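Architecture at a glance
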Amino acid sequence: YTHPNLEDAIPYTTSYYAKDWGFCLSKKEKESLPDGNYKVYINSFHKKGRLELIEAFIPGELKNEIFFSSYLCHPSMANNELSGPVLIDQLISYVKSLKNRKYSYRFVLLPETIGSIAYLSKKGNQIKPNMICGFNLTCVGDEKAYSHIASRLGDNLADRALKSSLKGLINYKSFSFLERGSDERQYCAPGIDLPLCTFCKSRFGDYIEYHSSKDDFNIVTSKGLSQSFKVIRNIIEAFEVGLYPKINVYCEPQLGKRGLYSDVSLFNGERTAKLRMDIIAYCDGVHSIFDISEKLNINLQSILKEITILIDERLIESKDI
């Protein structure tokens with residue numbers, strides 16, 4: 001098996017369940033082999049084994065859980081393997097650092113597909129009642145794109161959260177569930193339907209180095225991983241700030257005396273104050289922070305900054321799920 005497009009790359013070609021064999025090598029190496037017959041000796045055997053699953057649960061004040069999943073089964077690949085667990089590790093550290101944590105958080109690492117199916121068979125009934133939002137994380141280390149693979153129904157809380165956190169970012173791409181390819185296939189299957197979607201930088205299969213020896217640290221960068229961390233951190237922060245902001249006064253509040261509005265009226269208005277007032281207009285305790293981001297077409301990070309200011313001024317309070 002050789003790579004169809006990269007002659008010096010070794011492809012990652014697999015046969016999971018058939019008792020078959022083959023070799024993966026670069027096209028260059030294959031073409032350098034001398035003609036003739038070859039003998040093949042494969043020193044391996046089939047046996048019963050164990051499926052190892054890794055889970056971390058970090059409790060909060062509420063039983064409601066936010067769920068994160070990635071996988072450990074693609075040897076030697078940096079973006080399609082290592083980047084997800086690296087991001088999970090950083091998210092665990094971040095969640096542990098939160099003081100007065102409201103929500104509970106669950107993190108799992110497992111082999112893709114068979115691992116998520118096994119996990120659901122063991123833990124599905126336990127985790128489903130409390131899970132309010134979840135994300136499958138894969139291919140999160142490059143700098144080429146931001147990708148959202150929607151849930152089966154396409155509009156759960158995770159879909160709305162991720163959409164708001166990716167809004168306005170360069171090269172943001174949205175995919176329907178019909179373009180799925182990772183563990184969202186299992187988590188969102190009929191009868192399971194966890195409130196989950198998938199986040200990638202470049203979607204699996206959309207970068208030429210995917211499933212090959214070229215998926216290395218020329219693809220995954222510190223900057224790419226940091227960008228992914230910020231996307232998910234903003235979502236966590238939104239939950240912890242309070243998902244449903246509600247204004248504490250009737251009509252528009254007097255922002256000038258609080259230093260939140262310009263003392264001089266300008267013909268073109270003042271952008272920050274306009275955004276602030278627009279946010280307040282939807283702080284009704286019904287629209288979530290993610291809904292407000294969508295309504296105003298403003299990235300979640302900017303909405304969070306304003307919400308935090310308004311909470312500090314005691315103009316709004318936020319409700320949890």
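Described in the following lines is the structure provided in the data block.

Conventions adopted
Residues numbered from 1 in each chain as written. Predicted model: local features only at pLDDT ≥ 70, side-chain atom pairs only at ≥ 80, totals over all residues. Heavy atoms only, no water. Helix = DSSP H or I, 4+ residues; strand = E, 2+ residues; numbered from the N terminus. Buried < 20%, exposed > 50% of the residue type's maximum accessible area, 1.4 Å probe, protein only. Contact = heavy atoms within 4.5 Å. Core = buried A, V, L, I, M, F, W, Y, C linked by side-chain atoms within 4.5 Å. Axes fitted to C-alpha atoms, helices over the stretch in contact; angles between N-to-C directions. Left-handed = near helix turned anticlockwise from the far one by under 90°.

**Some remarks on the overall build of the chain**
A count of helices and strands for the chain gives nine helices and nine strands. Over its C-alpha atoms, taken along the principal directions, the chain stretches across nearly 85 × 45 × 35 Å. A total of 321 residues make up the chain; the buried ones form 46% of that total. Relative to all contacts within the chain whose residues are 6 or more apart in sequence, the contacts with residues 24 or more apart total 80%.

**Quick word on the nonpolar core**
By size, the foremost hydrophobic cluster in this structure holds 55 residues, and its most contacted members are Phe68, Phe135 and Phe239. Broken down by element, this core gets its largest block of residues, eight residues, from helix 6 (residues 222-241). Among all residues touching Phe68, those that are not within four sequence positions of it are Ile88, Leu91, Tyr105, Arg106, Phe107, Val108, Phe135, Leu137, Ile232 and Ile236. Counting residues in each nonpolar core, the second largest holds twelve residues, with Phe67, Leu110, Tyr119 and Cys188 among its members.

**Some points on the packing of helix 8 (residues 289-296) against helix 9 (residues 300-312)**
Orientation of helix 8 relative to helix 9, taken along the N-to-C sense of each, is 120°, at an axis distance of 9 Å. Every pair of crossing elements has a handedness; the one defined by helix 8 and helix 9 is right-handed. Residue-level contacts link Ile289, Phe290, Ile292, Ser293 and Leu296 of helix 8 to Leu300, Ile303 and Leu304 of helix 9.

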